[in-house]
Amino acid sequence: MRADIAKDPFVPEIYRVGSVRRELADAVTLELEPVSGTRPDFRPGQFNMLYAFGVGEVAISMSVGASEGTGFVHTVRNAGAVSGALARLEPGATLGVRGPFGTGWPVAEAEGRDVLIVAGGLGLAPLRPAIQEVLARRERFGRVTILVGCRSPSDILYQHDLEQWKQRLDVNVEVTVDHAGTDWHGNVGFVTTLIPRSPFDPDNAIAMVCGPEVMMRFAASGLQKAGMPAGNIYLSMERNMKCAIGLCGHCQFGPAFICKDGPVLPLERIAGLLAVQEI
Amino acid sequence: MESMEQILGQQSFFAGCPPEFVRLIAGCARNHHFKAGEYLIREGEPADRFYLVRQGKVALEIAAPGRPAIIATTLGEGEIVGVSWLIPPYRAEFDARAMEPVRAIGMDAACLRGKCDADHHLGYEMMKRFLPVMVKRLHATRLQILDVYGQR
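What counts, and where the lines are drawn
- Residues numbered from 1 in each chain as written.
- Chains lettered and ligands numbered in written order.
- Predicted model: local features only at pLDDT ≥ 70, side-chain atom pairs only at ≥ 80, totals over all residues.
- Helix = DSSP H or I, 4+ residues; strand = E, 2+ residues; numbered from the N terminus.
- Rg over C-alpha atoms; globule rule 2.2 N^0.38 Å.
- Buried ≥ 20, exposed ≤ 12 C-beta atoms within 10 Å, placed from the backbone.
- Contact = placed C-beta atoms within 7 Å.
- Pairing = 2+ DSSP bridges.
- Axes fitted to C-alpha atoms, helices over the stretch in contact; angles between N-to-C directions.
- Domains from an automatic or database assignment.
- Nonpolar A, V, L, I, M, F, W, Y, C, P; charged D, E, K, R; others polar.
- Core = buried A, V, L, I, M, F, W, Y, C linked by C-beta atoms within 7 Å.

### What about the overall build of chain B?
1) Next: Broken down by element type, chain B carries four helices and eight strands.
2) Next: Ordered by position from the N terminus, the helices and strands of chain B form the series α-α-β-β-β-β-β-β-β-β-α-α.
3) Next: Since a compact globule built from 152 residues should have a radius of gyration of about 15 Å, the 16 Å found for chain B is in line with a globular shape.
4) Next: Across its three principal directions, the C-alpha atoms of chain B cover 50 × 30 × 30 Å.
5) Next: In chain B, which comprises 152 residues, the share counted as buried stands at 31%.
6) Next: Considering only contacts within chain B whose residues lie at least 6 apart along the sequence, 72% involve residues at least 24 apart.

Here's what the structure looks like:
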């Protein structure tokens with residue numbers, strides 16, 4: 001993190017939108033470059049607070065790894081006032097960026113083990129930097145499996161990346177959708193149904209899971225049924241982040257602040273809270 | 001060449017099944033091959049057969065008049081295609097189509113039902129194996145219809 005950010009984490013840096021790529025009907029990927037200075041380093045799984053001027057701030061994870069360019073890349077779904085304003089930005093527009101914040105995926109800890117990535121919907125976005133890092137140093141990991149679930153074939157995020165990963169002989173990629181016609185040749189069913197079919201050693205694997213909380217809860221349960229200990233299952237939690245540095249308490253999740261202690265947390269730390277309503 | 005008894009014994013679906021039951025079940029089983037696009041089961045037909053997939057992918061489909069069929073779920077290696085043979089009136093509820101070349105063990109359901117009726121221990125053993133399959137599919141279907149992916 002840069003010294004000035006460390007001094008005052010509430011002051012955003014100005015970034016310019018370099019390009020906008022439409023991913024889905026309601027989601028775009030923004031490439032951001034700093035207007036001055038250089039982009040700080042970050043780890044896969046961390047997030048920034050993106051500030052749409054005059055509208056507000058929202059927490060969005062980086063969707064491309066730090067080694068892939070000189071700026072930040074964020075995939076944003078138009079789901080509210082702020083994310084809608086961000087999703088409507090055009091190349092050349094500016095926005096405020098605070099970050100990076102939070103914990104990252106345990107990529108280094110996964111070395112020497114099987115890696116299981118489980119993504120649901122837009123949850124593939126925060127996982128993509130981890131996948132990129134694993135594939136960049138593929139020889140350091142055991143079997144690598146990427147499981148992706150989404151509504152329908154037209155809702156598959158990062159189709160180009162998925163196709164490239166599928167072409168590799170050293171990665172097992174499975175995509176499943178909730179609904180499909182007979183022209184679909186992939187899997188149909190909830191993403192958890194892919195877990196028992198996946199090749200991994202439950203005693204020597206790390207799972208990284210991101211998606212809607214309901215999906216993560218059942219994915220975690222499926223992984224545990226397959227024999228994986230809770231300490232080796234990591235989830236990226238989402239709550240209403242405001243300050244992003246553990247001061248305001250908006251993102252409190254039991255004893256943890258998602259912005260500071262998360263968003264990536266081991267299941268063993270939050271397992272007891274996942275089924276508790278209104279947390 | 002492996003006997004059907006040996007082949008069944010290697011399937012996770014029959015893991016832990018007493019050998020005398022595997023022998024009885026093997027008497028109702030034979031190997032099947034399906035080309036991509038061929039149907040293993042047709043909706044409404046007598047459920048006189050079910051399959052244990054050894055290789056390939058099968059789509060369970062619901063046909064609707066005037067529109068293309070909808071895939072309800074896909075099943076792969078080690079999974080069971082067809083559970084209606086257990087439940088009166090023993091009629092198939094879905095079409096089951098091979099999405100790619102499929103190798104499967106096909107069971108003569110009438111033969112196996114007869115053996116289960118004659119030996120309730122065998123019947124209970126089969127129920128213990130089929131009930132989790134049905135519960136898991138019901139659970140997965142609930143998650144499917146929840147349409148959760150739009151929430152993140």
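Still more to cover.
### Here's the deal with the overall build of chain A
1) Next: Helix and strand content of chain A: seven helices and 16 strands.
2) Next: On C-alpha atoms alone, chain A measures out to a radius of gyration of 18 Å, which is about the 19 Å that the 2.2 N^0.38 rule sets for 279 residues.
3) Next: Its C-alpha atoms give chain A principal-axis dimensions of roughly 45 × 45 × 40 Å.
4) Next: Sequence-distant contacts in chain A: of pairs separated by 6 or more residues, those separated by 24 or more amount to 70%.

### Concerning the sheet that holds strand β3 (residues 49-55) of chain B
All names here are of chain B.
1) Next: One open sheet accounts for four strands, arranged β1-β8-β3-β6; its pairing is antiparallel. A single partner strand is all that each edge strand has here, and the edge strands are β1 (29-34) and β6 (80-81).
2) Next: Where β3 lies against strand β8 (residues 102-108), six bridges are found, and the strand directions are antiparallel. Counterpart to Arg 49 in the pairing with β8 is Asp 108.
3) Next: Across the sheet, helix α3 (residues 109-118) touches β3 and β8, and the angle it forms with β8 is around 45 degrees.

### Considering the domain arrangement of chain A
Residue and element names in this part refer to chain A.
1) Next: Splitting chain A by domain gives domain 1 (3-101) and domain 2 (114-274).
2) Next: Spacing between the C-alpha centres of domain 1 and domain 2 amounts to 22 Å.
3) Next: With 20 residues of domain 1 at the interface, the matching set in domain 2 holds 17 residues.
4) Next: Within the residue set of the side of domain 1 that touches domain 2, elements represented by two or more residues are β1 (13-24), β3 (47-52), β4 (56-61), β5 (72-77) and β6 (94-101).

### Quick look at the interface of chain A and chain B
1) Next: Facing the 28 residues of chain A at the interface are 21 residues of chain B.
2) Next: For the side of chain A that touches chain B, the secondary structure elements donating two or more residues are β8 (144-150), β10 (180-181), β11 (187-188) and α5 (213-225) of chain A.
3) Next: It is α5 of chain A that provides the largest number of residues to the side of chain A that touches chain B, a total of three residues.
4) Next: Among the residues forming the side of chain A that touches chain B, the class breakdown is 10 nonpolar, 13 polar and five charged.
5) Next: Across two bridges, the pairing between β10 of chain A and strand β5 (residues 67-75) of chain B is antiparallel. Bridge assignment links Gly 181 of chain A to a residue of β5 of chain B, and that residue is Ile 70 of chain B.

### Describing the sheet that holds strand β2 (residues 27-34) of chain A
Residues and elements named next belong to chain A.
1) Next: Taken in spatial order, the six strands make up an open sheet running β4-β3-β6-β1-β2-β5, and their pairing is antiparallel. Each having just a single partner strand, β4 and β5 make up the two edges of the open sheet. Each strand of the sheet is rotated relative to its neighbour by a mean of 40 degrees, with strand direction disregarded.
2) Next: In this structure, β3 lies alongside β4, joined through six bridges in antiparallel fashion. Paired with Ala 52 across the strands is Gly 56, a residue of β4.

### Some points on the nonpolar core
Across soluble globular proteins, nonpolar side chains have a tendency to be buried as a group.
1) Next: Formed by 123 residues in total, the largest nonpolar core has its most connected members in Ile 117, Ala 207, Met 208 and Val 209 of chain A together with Val 58 of chain B.
2) Next: Taken together, domain 1 (3-101) and domain 2 (114-274) of chain A each give at least three residues to this core, which thus spans both.
3) Next: Those residues in contact with Ala 207 of chain A that lie beyond four places of it in its chain are Leu 116, Val 118, Leu 223, Met 228, Asn 232, Ile 233 and Tyr 234 of chain A.

### What about the pairing of β3 of chain A?
1) Next: Buried residues dominate β3 of chain A, accounting for six of its six residues.
2) Next: What you see with β3 of chain A is no split at all: Phe 47, Met 49 and Tyr 51 of chain A on one side and Asn 48, Leu 50 and Ala 52 of chain A on the other are buried throughout.

### Concerning the environment of Met 241 of chain A
Residues and elements named next belong to chain A.
1) Next: If you trace the backbone, Met 241 turns up in the loop between β13 (233-236) and β14 (252-253).
2) Next: With 184 residues separating them in the primary sequence, Met 241 and Glu 57 have C-alpha atoms 9.0 Å apart.
3) Next: Once residues lying within four places of it in the same chain are set aside, the contact partners of Met 241 are Met 49, Ala 59, His 250, Cys 251, Ile 258 and Cys 259.

### Concerning unusual backbone geometry
1) Next: For the peptide bond that leads from Gly 99 of chain A to Pro 100 of chain A, omega is 5 degrees, which places it in the cis range.
2) Next: Relative to the helices and strands, Pro 100 of chain A is located in strand β6.
3) Next: For Tyr 158 of chain A, which is not glycine, the phi dihedral falls at a positive 50 degrees.
4) Next: Here Tyr 158 of chain A shows up in the loop between β8 and α4 (159-167).
5) Next: Residue Tyr 158 of chain A is classed as buried on the basis of its C-beta count, with 21 C-beta atoms lying within 10 Å.
6) Next: Positive phi, close to 55 degrees, is recorded for Asp 147 of chain B, a residue that is not glycine.
7) Next: Along the polypeptide, Asp 147 of chain B turns up in the segment after α4 (120-146).
8) Next: Among the residues examined, Asp 147 of chain B registers 12 C-beta atoms within 10 Å and is labelled exposed.

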